[in-house]
Amino acid sequence: MQYLLLCCIDEKAWDALPETERDQVMQRYDEWSQELVRSGHFRAGAKLQSSATATTVRETQGKRVLMDGPFAETREQVGGYHLVECKDLDEAISIAGRIPTLPVGGAIEVRPLEPTPHR
């Protein structure tokens, strides 16, 4: 079963951390990511640019509407994602619980992917 781990954090709080602390977190993140690959759980993942670079696409009255910025005003923004292969939700939660941004205010949303029917 595949799970998407959506990594969220308050960008302002992250930016307010001392650079040395952010560097330490990112070094632990690199080590965590390498372990994910070694364990065979890794399927895909990436760090996203700031939410200020986002463009939101909507449709209103049959017309496409583009908006600069994220979809919703929230305290936390999606900063990256990991697609992992796990035997069950408990294993996915265990992997998410080791993500290094958690101790500095991060939150991880764990969501199973809907199986794709074979055609």
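Each chain carries its own residue numbering, running from 1 in the direction its sequence is written. With pLDDT at 70 or above as the cut-off, local features in this predicted model cover only qualifying residues; side-chain atom pairs require 80 or more to be listed or tallied, and sums for whole chains, interfaces and linings still use all residues. Water and hydrogen atoms play no part in the side-chain values, which are based on all heavy atoms of the structure.

**Details of the confidence of the model for the chain**
A score between 0 and 100, pLDDT records how confident the predictor is in each residue. For the chain, the average pLDDT comes to 91, and 95% of its residues sit at 70 or higher. Only DSSP runs of H or I with at least four residues qualify as helices, and only runs of E with at least two residues qualify as strands; both kinds are numbered from the N terminus onward. Per-residue pLDDT, averaged within each element of the chain, yields its smallest value for strand S3 (residues 55–60) (87) and its largest for helix H3 (residues 89–96) (97).

**Observations concerning the packing of aromatic side chains**
To pair, rings of Phe, Tyr and Trp, with the six-membered ring standing in for Trp, must have centres within 6.5 Å; the planes then decide the type, stacked if under 30 degrees apart, edge-to-face if over 60, and tilted in the middle. The final tally for this structure, using the stated rule, is 1 aromatic pair. Relative to Trp32, the ring of Tyr29 lies with its centre 5.7 Å away and its plane at 80°, an arrangement referred to as edge-to-face. Taken as a pair, Tyr29 and Trp32 lie in helix H2 (residues 19–38) at a separation of 3 residues, close to a single helical turn. Classification of residues uses two cut-offs on accessible area relative to the type maximum, computed with a 1.4 Å probe and protein chains only: under 20% is buried, over 50% is exposed, and between them is partly exposed. According to the relative accessible area criterion, Trp32 is buried, its value standing at 9%.

**A closer look at the environment of Ala96**
Mapped onto the elements, Ala96 comes out in helix H3. A sequence separation of 62 residues divides Ala96 from Gln34, and the C-alpha atoms of the two residues are 14 Å apart.

**Points about the sheet that holds strand S2 (residues 42–47)**
Ordered by their spatial adjacency, 4 strands build an open sheet running S2-S5-S1-S6, and the pairing between neighbours is antiparallel. The outermost strands of the open sheet, each flanked by one partner alone, are S2 and strand S6 (107–112). The average angle at which neighbouring strand axes cross in this sheet is 20°, direction not considered. Note on pairing: two strands pair once DSSP finds at least 2 bridges between them. Relative to strand S5 (residues 77–85), strand S1 (residues 2–9) runs antiparallel, the two sharing 8 bridges. Note on S5: the bridge partner recorded for Gln2 is Glu85. Here, residues are in contact when the closest pair of their heavy atoms is within 4.5 Å. The angle between two axes is taken between their N-to-C directions and runs from 0 to 180 degrees, where each axis is a line fitted to C-alpha atoms and a helix contributes only its stretch in contact. Taken strand by strand, H3 contacts S1 and S6, and its axis lies near 30° from that of S1.

**Quick notes on H3**
Think of an α-helix as 3.6 residues a turn; residues three or four steps apart then line up on the same face. Regarding H3, the residues found buried are Ala92, Ile95 and Ala96. All buried residues of H3 fall inside an arc of 100° around its axis, so they share one side. Tucked into the core, H3 has its buried residues touching S1, H2 and S6. Any pair of nitrogen or oxygen atoms within 3.5 Å is treated as a polar contact; in protein, a donor-acceptor pairing is required on top of that, and neighbouring residues in sequence qualify only through side-chain atoms on both sides. The N-terminus of H3 is capped by Asp88, whose side-chain oxygen sits 3.2 Å from the backbone nitrogen of Asp90. It is the directions from the helix axis to the C-beta atoms that the arc portrays.

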